[in-house]
Amino acid sequence: MTERPLFPPAAPPPRPVSPGLYLVATPIGNLRDMTLRALDVLAAADLVLAEDTRVSAKLLQAYGLRAKLERCDDHASARAAEGAVQRIAEGQVVALVSDAGTPMVSDPGFVVARAVVEAGLPVHPIPGASSLLAALNLAALPSDRVLFAGFLPPKSAARKTMLAELKPGRQTLVLFESGPRLAASLADMAEVLGERQAAVTRELTKLHEECVRGSLAELAADPRCQAPRGEIVVVIGPGAEEAASEADADAALKEALTRLPPGEAASEVARAFDLNRKALYRRALELRNAE
């Protein structure tokens, strides 16, 4: 029996890596999720900025790569940004990686990218693994409108306040959470957001990958969600749409009338709130004449 090759027998040839900042996605668990283009960039990099150089050193070693590593965490991001701008201006290649997944998502790399952009120097995304997108795929919840809200506050009162701010939006929510806080967070989510369907995903792409689905209240009581180990992403489906109140429609019409004639304002609000356009048009005329 002939063994299959580890890689496709032919692949597009690598392109030259020009000077600039490269935001390189790295595996979130399974090392074979590294892209060929990411390997090309890391092999060509004059400098690799890493959230944790020890983690990134192991990553580079796994692929037989050697590169100069410098720390870029919350404490070192300003210094790293200054150095990156100088190097790129001199014609060097700088790669930015997080511990796992795509840089710029809840990590300090945005400070570097912003500095490079403000200096008028090139920035290139090297897409790949992302726990946010992987969890969204696995959750099987609506994904046409999605809001990534990062980490919730650690204390319940602040957490509930933030959840209340997120509640009105009619979109799927994606949140990061730690194992020890997961059950308490799910209970607060159930209290504030109501009976929404959700999924708790952890250890994505790893040996013990898991996705637990159910309502927020069910998940809060599920033994599998009581302080589990690993990296956790929570995906929460959108809430039921609530009918717009007369005050909501009036407020939207008043704002639209500052930009549009009554007919177009009525059409815009009708689409946004799923209301009758003719009734809104009459109301728009009333509001305009009352001014």
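These notes cover the structure that comes with them. If you're wondering where the values come from, they're calculated on a predicted model, not measured in any experiment.

Here we have five strands laid out as an open sheet, ordered 3-2-4-1-5, and parallel in their pairing. The two strands at the open ends of the sheet, each matched to only one other strand, are strand 3 (69–71) and strand 5 (123–126). Averaged over all pairs of adjacent strands, the angle between strand axes in this sheet comes to 25°, irrespective of strand direction. Note that strand 1 (residues 20–24) and strand 5 share four bridges and pair parallel. Counted as the bridge partner of Leu 21 is Val 123 from strand 5. The sheet contacts of helix 2 (residues 53–62) involve strand 2 (47–50), strand 3 and strand 4 (93–97), and relative to strand 3 the element is tilted by about 155°.

Attention now goes to the side chain of Ser 215. Mapped onto the elements of the fold, Ser 215 is located in strand 9 (residues 210–215). The exposure class assigned to Ser 215 is buried, which follows from its relative accessible area of 3%.

The next thing to look at is empty space enclosed by the protein. Where empty space is left becomes clear once a probe the size of a water molecule has been rolled over the atoms. By the definition in use, this model includes one cavity of 30 Å³ or more. Approximately 30 Å³ is the volume found for the largest cavity. Lining of the largest cavity is provided by Glu 51, Cys 72, Leu 96, Val 97, Ser 98, Pro 103, Asp 107, Pro 108 and Gly 109.

All right, on to the environment of Val 85 then. Of note, Val 85 is situated in helix 3 (residues 77–89). Beyond its immediate stretch of four places on either side in the chain, Val 85 contacts Ala 115, Val 116, Ala 119 and Leu 121.

About the cut-offs
Residues numbered from 1 in each chain as written. Predicted model: local features only at pLDDT ≥ 70, side-chain atom pairs only at ≥ 80, totals over all residues. Heavy atoms only, no water. Pairing = 2+ DSSP bridges. Helix = DSSP H or I, 4+ residues; strand = E, 2+ residues; numbered from the N terminus. Axes fitted to C-alpha atoms, helices over the stretch in contact; angles between N-to-C directions. Contact = heavy atoms within 4.5 Å. Buried < 20%, exposed > 50% of the residue type's maximum accessible area, 1.4 Å probe, protein only. 1 Å grid on protein atoms, 1.4 Å probe; cavity = no way out; pocket = protein on both sides within 12 Å on 5 of 7 lines; lining within 4 Å. Points joined across faces, edges and corners; volume = space filled by probe spheres on them.

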